[in-house]
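Below, each chain spelled out in residue letters.
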Amino acid sequence: MDFDFKEEQQQFADALRRWIDKDYSFEARRKIVHSGAGVSEQAWQTLVDLGMTALPVPEAQGGFNGSAVDMLVVMQELGRGLVVEPYFATVLGAHFLALAGGQEELLEKVAAGGLKLACALNEPHARHALNDIVVRATGSGKDFALSGMKSAVIHGAQAGALIVSARTGGDQHDTDGISLFLVDADTSGLVIKDCRTLDGQRVASITFDHAPATLLGSEGQGWPLLEAGADYGATLLCAEAVGAMDALFAATLEYLKTRKQFGTPIGSFQALQHRMADMFIHLEQARSMAMLAAAKVASPDAEERRRVVSAAKARVGQAATFIGQQAVQLHGGMGVTDELAAAHHFKRLTMIGLTLGDAQHHLERFAAQPGFREAA
């Protein structure tokens, strides 16, 4: 298998890295995070100009039809640069629209950068179980109304439209009876409460009170779409985490080379060299699993997709915890200060670990796949 990136993929990565180094520095990001909006329209327009919003959209809708491997390259750079713009939420929403079909006009808007999306999949009581849904949809045909509450909606207040999972039938934990809906952010019956998370991103709690919604796909048959879309999102997060771990590892290595005790760089101490070696092993294992997930997330074999993506999310989550904790300790007190990028990479890795299922959730999902118990 060829693990080298194509020339076009490397060009995307290089373009993103140059922009981040020049215009999205740590100080520039800090101002964006603490601004009222929490995001930057100028930064978003740059992402549009670089073709990032068009990358995952099908060619027929003005996109580049980029694969998950193409997106891996992009997400790694966004993770390395701690970019807080609503890119992940929009790309995930666009993937749901493409899976559902019949949303060509919206996908064209996404490709052109004129529409940001968010995915309202989590409920306050459900932890990581996406099938644990009490939000109800009533109606028929394509026109429905939603009632209930969604929580931790990434960039929910910055989106122009929402992808929402709701129940049109079945009991609370059933996979049957789940449907996906499209909701305009400025429609009636919506209350959106926006807040900043510890990693500088924005999330929202959204209450639906008979909010008008349009059905995506078939009524009551949304679980396969929801699961496939969530796996795609988890794959993107694995790639972003690898980028953040890359930056954290490099910053820690540089610190050990320059910080001195007893007149010598602390990186010369054997015990600390062993820690760096362990961090490197975790990083490379996480990178390999993220690449495998990107290669397999579009597999027509759903069992293979679930198995590989859950294995990757679990392994990347374990590596992120280890690398983050070691980096903070090796930086000493500076590792938890707001002035050091390392602290922010650690916070971002922590939040990635909790998004779309933590390591324990995906270990249990992996073990639940057919054939695992017989092979164990």
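Conventions used here
Residues numbered from 1 in each chain as written. Predicted model: local features only at pLDDT ≥ 70, side-chain atom pairs only at ≥ 80, totals over all residues. Heavy atoms only, no water. Salt bridge = Lys/Arg side-chain N within 4 Å of Asp/Glu carboxyl O. Helix = DSSP H or I, 4+ residues; strand = E, 2+ residues; numbered from the N terminus. Buried < 20%, exposed > 50% of the residue type's maximum accessible area, 1.4 Å probe, protein only. Pairing = 2+ DSSP bridges. Phe/Tyr/Trp six-rings, centres within 6.5 Å; stacked < 30°, edge-to-face > 60°. Axes fitted to C-alpha atoms, helices over the stretch in contact; angles between N-to-C directions. Parallel < 35°, antiparallel > 145°, perpendicular 65-115°, else oblique. Left-handed = near helix turned anticlockwise from the far one by under 90°. Contact = heavy atoms within 4.5 Å. Nonpolar A, V, L, I, M, F, W, Y, C, P; charged D, E, K, R; others polar. Arc of directions from axis to C-beta.

A. Fine view of the pattern of salt bridges. Under the counting rule described, the total for this entry stands at 20 salt bridges. A salt bridge links arginine 365 to glutamate 227; the shortest N-O distance between them is 3.3 Å. Here the residue arginine 365 occupies a position in helix 11 (residues 359–367), and glutamate 227 occupies one in helix 7 (residues 223–258), the gap between them amounting to 138 residues. A single burial state applies to arginine 365 and to glutamate 227, both of which are buried. Across the salt bridge formed by lysine 296 and glutamate 304, the nearest N and O atoms sit 3.6 Å from each other. When salt bridges with common partners are traced through the structure, they connect Arg17, Glu77, Arg80, Asp246, Glu284 and Arg287 into a single cluster.

B. Examining unusual backbone geometry more closely. Residue alanine 152 is not a glycine yet carries a positive backbone phi of 50 degrees. Alanine 152 sits in the partly exposed class, given a relative accessible area of 41%. The phi angle at histidine 210 is positive, at roughly 55 degrees, despite the residue not being glycine. Among the structural elements, histidine 210 can be located in strand 7 (residues 202–216). On the basis of relative accessible area, histidine 210 is assigned to the exposed category, the value being 55%.

C. Seen up close, the pairing of strand 2 (residues 136–140). Pairing of strand 2 with strand 3 (residues 143–154) involves five bridges; the strand directions are antiparallel. The residue bridging glycine 139 from the neighbouring strand is phenylalanine 144, located in strand 3.

D. Representation of the packing of aromatic side chains. Counted according to the given criterion, the structure contains four aromatic pairs. Look at tryptophan 19 and tyrosine 24: their rings are 5.2 Å apart centre to centre, the planes differ by 50 degrees, and that puts the pair in the tilted class. Tyrosine 24 matches tryptophan 19 in its accessibility class, with the two residues each being buried.

E. Structural context of the packing of helix 4 (residues 68–81) against helix 8 (residues 270–296). At their nearest, the axes of helix 4 and helix 8 sit 8 Å apart, and the two run at 140 degrees to each other. The angle between the axes of helix 4 and helix 8 places the two elements in the oblique class. In the packing of helix 4 onto helix 8, the handedness of the crossing is right-handed. Residues Ala68, Val69, Leu72 and Gln76 of helix 4 pack against Arg287, Ala290, Met291, Ala294 and Ala295 of helix 8. Here the contact of helix 4 with helix 8 is composed, by residue class, of seven nonpolar, one polar and one charged.

F. Spotlight on helix 6 (residues 104–112). For helix 6, the complete set of buried residues consists of Leu106, Leu107, Val110 and Ala111. Projected down its long axis, helix 6 carries its buried residues within an arc of 140 degrees, all on one side. More than 90 degrees from the buried face of helix 6, the exposed residues found are Glu105 and Ala112. Just beyond helix 6, the residue with positive phi is glycine 113, at close to 85 degrees.

G. Layout of the environment of alanine 166. Take alanine 166: it is sitting in strand 4 (residues 161–167). C-alpha of alanine 166 to C-alpha of asparagine 122: the two residues are 44 residues apart in sequence and 10 Å apart in space. Residues contacting alanine 166, with those up to four places away along its chain left out, are Ile133, Val135, Arg136, Ala137, Leu146, Gly177, Ile178, Ser179 and Phe181.

H. Layout of the side chain of threonine 90. Relative to the helices and strands, threonine 90 is located in helix 5 (residues 87–100). According to the relative accessible area criterion, threonine 90 is buried, its value standing at 2%. Those residues within four positions of threonine 90 in sequence are excluded, and the remaining contacts are Trp44, Val110, Leu115, Lys116 and Leu117.

I. A look at the environment of aspartate 174. Tracing the chain through its elements places aspartate 174 in the loop between strand 4 and strand 5 (178–184). Its relative accessible area of 33% is what places aspartate 174 among the partly exposed residues. Sequence separation of aspartate 174 and tryptophan 223 is 49 residues, and the distance between their C-alpha atoms is 9.4 Å. Once you skip the residues sitting within four places of it in the chain, aspartate 174 turns out to touch Asn131 and Arg167.

Function-wise, these values are silent; they only describe arrangement.
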